[in-house]
Amino acid sequence: METFIAVIFGLILSGCQSATPPLGKSGSELVVQGRAIFFNETFDGNGRTCGSCHPAENNFTIDPAFIATLPDDDPLFVAEFNPDLKENFENPQLMRQFGLILENLDGFDDLEKKFTLRGVPHTLALRTSVDSPGGPRTGWSGDGSPGDGSVRSFATGAVIQHFTKTLNRVAGVDFRLPTEEELDALEAFMLSLGRQQDLALPLPLKGPVPKRGQEILLDNSLGKCTLCHVNAGATADFGGGNIGNANFNTGVEDLPDQPAGLTGQLILPDDGFGTPGDGTFNTPPLVEAADSGPFFHNNAVRTIEEAVAFYNSDAFNNSPSGRILASNDPNGVGIRLEATQVEAMAAFLRVINALENIRVSIEALEASAQKGFFERKQAEELLKNAVDETENSITVLAGGGLHPQAVAHLQRAKRLEGKAMDSLFFKGKRIQNAIREQKLAQALLIDAR
Amino acid sequence: MFRPLIGVMGVAVLMLSTAFFAHSQKATEIFIPIGKSPGVSEKITIIGKIESIKTQQKTITVAGATETWTAEISSSTHIWVDRSGLGLSNQKGRFEDLREGLLVEIKYEKGDGERKGPAEWIKVKVEDAG
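Calculation rules
Residues numbered from 1 in each chain as written. Chains lettered and ligands numbered in written order. Predicted model: local features only at pLDDT ≥ 70, side-chain atom pairs only at ≥ 80, totals over all residues. Heavy atoms only, no water. Helix = DSSP H or I, 4+ residues; strand = E, 2+ residues; numbered from the N terminus. Rg over C-alpha atoms; globule rule 2.2 N^0.38 Å. Buried < 20%, exposed > 50% of the residue type's maximum accessible area, 1.4 Å probe, protein only. Contact = heavy atoms within 4.5 Å. Areas by Shrake-Rupley, 256 points an atom, 1.4 Å probe, with all protein chains shown as cover. Lys, Arg positive; Asp, Glu negative; His and termini not counted. Charge placed at Lys NZ, Arg CZ, Asp CG, Glu CD. Buried area = accessible area lost by both parts, 1.4 Å probe. Salt bridge = Lys/Arg side-chain N within 4 Å of Asp/Glu carboxyl O. Polar contact = N/O pair within 3.5 Å; in protein donor to acceptor, adjacent residues only side chain to side chain. Nonpolar A, V, L, I, M, F, W, Y, C, P; charged D, E, K, R; others polar. Patch = residues over 30% accessible without salt bridge, like charges linked within 9 Å, V, L, I, M, F, W, Y side chains within 5 Å. Disulfide = S-S within 2.5 Å. Core = buried A, V, L, I, M, F, W, Y, C linked by side-chain atoms within 4.5 Å. Axes fitted to C-alpha atoms, helices over the stretch in contact; angles between N-to-C directions. Parallel < 35°, antiparallel > 145°, perpendicular 65-115°, else oblique. Left-handed = near helix turned anticlockwise from the far one by under 90°. Expected span 1.5 Å × (residues − 1). Pairing = 2+ DSSP bridges.

(A) Quick look at the overall build of chain A. A tally of helices and strands in chain A yields 17 helices and six strands. The globule rule puts the C-alpha radius of gyration for 449 residues at 22 Å, and the 23 Å found for chain A is close to it. Each principal axis of the C-alpha atoms in chain A carries an extent, and together these give about 75 × 60 × 40 Å. Counting over 449 residues, chain A shows a buried share of 55%. Taking the intrachain contacts of chain A between residues at least 6 apart in sequence as the baseline, contacts between residues at least 24 apart amount to 65%. Of the accessible surface of chain A, which amounts to about 19300 Å², a share of 55% is contributed by carbon and sulfur atoms. Here chain A contributes 38 positively and 58 negatively charged side chains, and the mean placements of these two sets differ by 7 Å.

(B) Structural context of the overall build of chain B. Regarding its fold elements, chain B presents one helix and seven strands. For chain B, the succession of helices and strands along the chain, N to C, is α-β-β-β-β-β-β-β. Buried residues in chain B amount to 47% of all 130 residues. Relative to all contacts within chain B whose residues are 6 or more apart in sequence, the contacts with residues 24 or more apart total 58%.

(C) Inspection of the interface of chain A and chain B at higher detail. Each partner contributes to the interface: chain A provides 53 residues, whereas chain B provides 37 residues. Ranking the residues of chain A by area buried against chain B places A:F238, A:I324 and A:N328 at the top, with a combined share of 18%. There are one salt bridge connecting chain A and chain B. B:K92 serves as the salt-bridge partner of A:D109, at 3.4 Å between the closest nitrogen and oxygen. Linking chain A with chain B are eight residue pairs in polar contact (both at pLDDT 80 or more). Breaking the side of chain A that touches chain B down by element, the ones donating at least two residues are α8 (151–162), α9 (180–192), β5 (247–248) and α13 (320–327) of chain A. Of the residues belonging to the side of chain A that touches chain B, the class tally is 18 nonpolar, 24 polar and 11 charged.

(D) Layout of a nonpolar patch on the surface. Nonpolar side chains collect at one region of the surface, where A:L424, A:F425 and A:F426 lie side by side and expose about 270 Å² of accessible area between them. Topologically, A:F426 is positioned in the loop between α16 (404–422) and α17 (427–445).

(E) Examining the state of the cysteines more closely. Residue and element names in this part refer to chain A. Evaluation of the coordinates by the stated rule reveals zero disulfides over all chains. In this structure C225 is not part of a disulfide, and its nearest cysteine sulfur, from C228, lies 8.9 Å away. Taking relative accessible area as the criterion, C225 reaches 13% and is therefore assigned buried.

(F) Representation of the environment of A:P404. Residues and elements named next belong to chain A. With respect to the helices and strands, P404 occurs in helix α16. In this structure P404 comes out as exposed when scored by relative accessible area, which is 62%. Considering only alpha carbons, one finds P404 and S423, 19 residues apart in sequence, at a separation of 29 Å.

(G) Structural context of the side chain of A:E90. Residues and elements named next belong to chain A. By the secondary structure assignment, E90 is in the loop between α5 (78–81) and α6 (92–98). Judged by relative accessible area, which is 5%, E90 ranks as buried. There is a polar contact of 3.0 Å between the side chain of E90 and the side chain of R48. Here the side chain of E90 touches L102 through a polar contact of 2.9 Å, landing on its backbone nitrogen.

(H) Quick peek at the nonpolar core. Residue and element names in this part refer to chain A. Formed by 64 residues in total, the largest nonpolar core has its most connected members in L217, L337, L349, I352, L397 and L445. Elements that contribute at least two residues to this core include exactly α10 (208–218), α11 (304–309), α12 (314–317), α14 (339–370), α15 (376–399), α16 and α17. When residues in this core are grouped by element, the largest group, 15 residues, is from α14. Contact partners of L397, with chain neighbours within four places excluded, come to R350, V351, A354, L402, A406, V407, L410 and L445.

(I) Representation of the packing of α15(A) against α16(A). Residues and elements named next belong to chain A. Packing of α15 against α16 leaves a shortest axis separation of 9 Å and a crossing angle of 160°. Judged by the inter-axis angle, α15 sits roughly antiparallel to α16. Judged by the sense of rotation from one axis to the other, the crossing of α15 with α16 is left-handed. In contact with E380, L383, K384, A386, V387, T390, E391, S393, I394, L397 and A398 of α15, α16 contributes A406, V407, L410, Q411, A413, K414, E417, G418, A420 and M421. A breakdown of the residues in the contact of α15 with α16 according to their chemical character gives 12 nonpolar, four polar and five charged.

(J) Local environment of the environment of A:G144. Within the element layout of this structure, A:G144 appears in the loop between α7 (126–129) and α8. Given a relative accessible area of 15%, A:G144 falls into the buried group. For the pair A:G144 and A:P71, spaced 73 residues apart in sequence, the C-alpha separation works out to 29 Å. Apart from residues lying up to four places away in sequence, A:G144 is in contact with A:T138, A:F154 and B:Q25.

(K) Region of interest: the environment of A:F310. Residues and elements named next belong to chain A. Considering the arrangement of structural elements, one finds F310 in the loop between α11 and α12. Judged by relative accessible area, F310 falls into the buried class, the value being 3%. With 32 residues separating them along the chain, F310 and V342 place their C-alpha atoms 9.6 Å apart. Not counting chain neighbours up to four residues away, the residues in contact with F310 comprise T250, G251, V252, L255, F296, A315 and F316.

(L) Representation of α8(A) within the structure. All names here are of chain A. For α8, built from 12 residues, the straight-helix expectation of 16 Å at 1.5 Å per residue is met to within 8% by its first-to-last C-alpha distance of 17 Å. Burial of α8 is extensive: 11 of the 12 residues sit out of reach of the surface. Of all the positions in α8, only V151, R152, S153, A155, T156, G157, A158, V159, I160, Q161 and H162 are classed as buried. Next to the buried residues of α8 lie β1 (101–103), α7 and α9.

(M) Region of the structure containing the pairing of strand β7 (residues 119–125) of chain B. All names here are of chain B. Taken across its seven residues, β7 has six buried, putting it largely inside the fold. Here strand β4 (residues 78–82) runs beside β7; their pairing, made up of five bridges, is parallel. Bridge assignment links H78 to a residue of β7, and that residue is W121. By the bridge criterion, five bridges tie strand β6 (residues 103–108) to β7 in an arrangement that is antiparallel.

Shown next as C-alpha cells:
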C-alpha cells in the first residue's frame, strides 16, 4: 500500500522541477562540487576516479574484503583488462590479495625496478592530520603531493600516477590535469571528511578494559603513544609543545615475514620520505584506525591488535624511533606491553572509533531527516552513509568482544536505517528511532559530557 | 619514572629520525607541463625564454615579459624536457637540452619565492622530437 501511494505521489509530482541550488563559491557548495568530482570525474584517463581507491562506503580506503566485492570490470582493475597497462602499472595479485597499490615515488625512469607497493591511506580527518611547521604532509611518506606539496595539489599527482591511459603519462593525451577550480573543490571536499578537530583525552569512557587502554595510551612511561599521537590523533609533542604532523622511522620495513613478501612476488624496499628516502613514514591518526585496516604503509598487519602489538616488536624497538624512546627510559625500554595491555589499548582504539562512527551516523541521520521530498536522493545517500557507519560500529565493537549491549542497540539502529531507506511515510519516525538507538549505544560507551 | 620532557639531545636525535621539513613529491612533477604545477607555477616559479647560457658557470638567463632572471644549474637540479605539446612523454633532460630561445619554467631551491640562485628544477619545452 505504501509503495502504491508513493508511486501515485511520484507521478503527480514528477512534473515539478527539483530545486537544486546552483554551484557557487560558498564553502558548502564547493564541498558539493568537490564530492561530485571525487566520485565521478575520470579526468579523461583510464576510467578510474578518486573514489575508485577511496570509496565512501569503505571509509575512503580499500582492503581485500572490499576489493573482492567489486566486479572484474571495475576501473580499479584496469591493469587486468587494459593492454597498455598490463605491465608495470599495478600488481593485480597483490592488489586483490593485500590491497596494495603500485607507486613510482622515486621516478618513472625504470618502471620494472623502481616502484613501491603501498596500502591506500584513508582521507578522513585530514584537517587534523596533515599540517606541520615545515608544510603539509600528505600520503604515507608525507611527500605525496607535487607542486607546492599541499592537500590541494594531491589530486594532480594522483591523476598522473593512477589515472593514466598508458605508461607514457602525457598530459592532454593519457589524462587531463585537474583545473584550478577542480583542485579548490577537491580540497574543500577532502578537508570536510570526518573529524574536524582532535579529541580531548582523557574521555569518560565506560568499561574497565577500554578505560585502562586509554590510561596506557596516555602514559608516557608505558604506552608512550601520545608522544607521536597527541589525543589519539596524528600530531606529535615531545614535551615542548605540539609540533604538528610528523614522520618517523618506526621499523615497519624491518618486519619479517610480511604477507606480500611471502608470495614470492617482487617486493622492493620502501625507503619512505624523499628520494633517496630517509626511511621515515607519516603518522596517521588513531581515531580512524580500527575500521580502516590493514595497517602501516605496506598493509603489513591486519588487525588493530596486531598494529598495537607491533610496538612490542624487535622491528620497532630496534628502529631509530624505538631506540630514542629506550634511551630516554630509565629502564632502557622502548615500548614493552604485556598481552593484556595490548588488548586494552586495542579495546580503547576500537571504542573511540565506534564513538566516531556513531557521531557520523547521527549527523547523517539528522541531515537526512532535514531533506525534503525534492532532495530524496541526497536523503537516501545520507541514510546509506549512516547504514555503512553503523555497520562499522558493530564490526569494530563486536570484533573486540566489546560492549555487547551497545552492539545490540546499533544492530537495531541499522535495521531502522534500512527500513527508513525503503520508506516514504514512516521515514522520519524510523530515522528518529534510529537516532535514539545510536544514542543509547553511545551512552553505554561513554559518560555524557 | 620516565622523564616528562625528553632531553634536548633526545629531541635533536628524534628530529634527525624524522623528516622535519615537508617537501613536495618530485616523481610526478616531470609529467606536469610548463605553467601547470599546482600552487607553484608563476607563484614561486618563473616562466620565460632562455636568453643566454654560460656553459662554464652552468648558469642561464631567462627573459620574462618584463624582467629577466638568472638560475644556476647545480648537480642536484632536475632538468625535465616538456614534450607534452608534441603528444610525447616528458623525459629527464640534461644541461645540453637548455638552448637559447626555448621556453623554460624554473623553481628555485630557495622555496620562499626568492628567484635567484640554484634551481631546484627546470622544465624546458621542446618544439620537435629530435
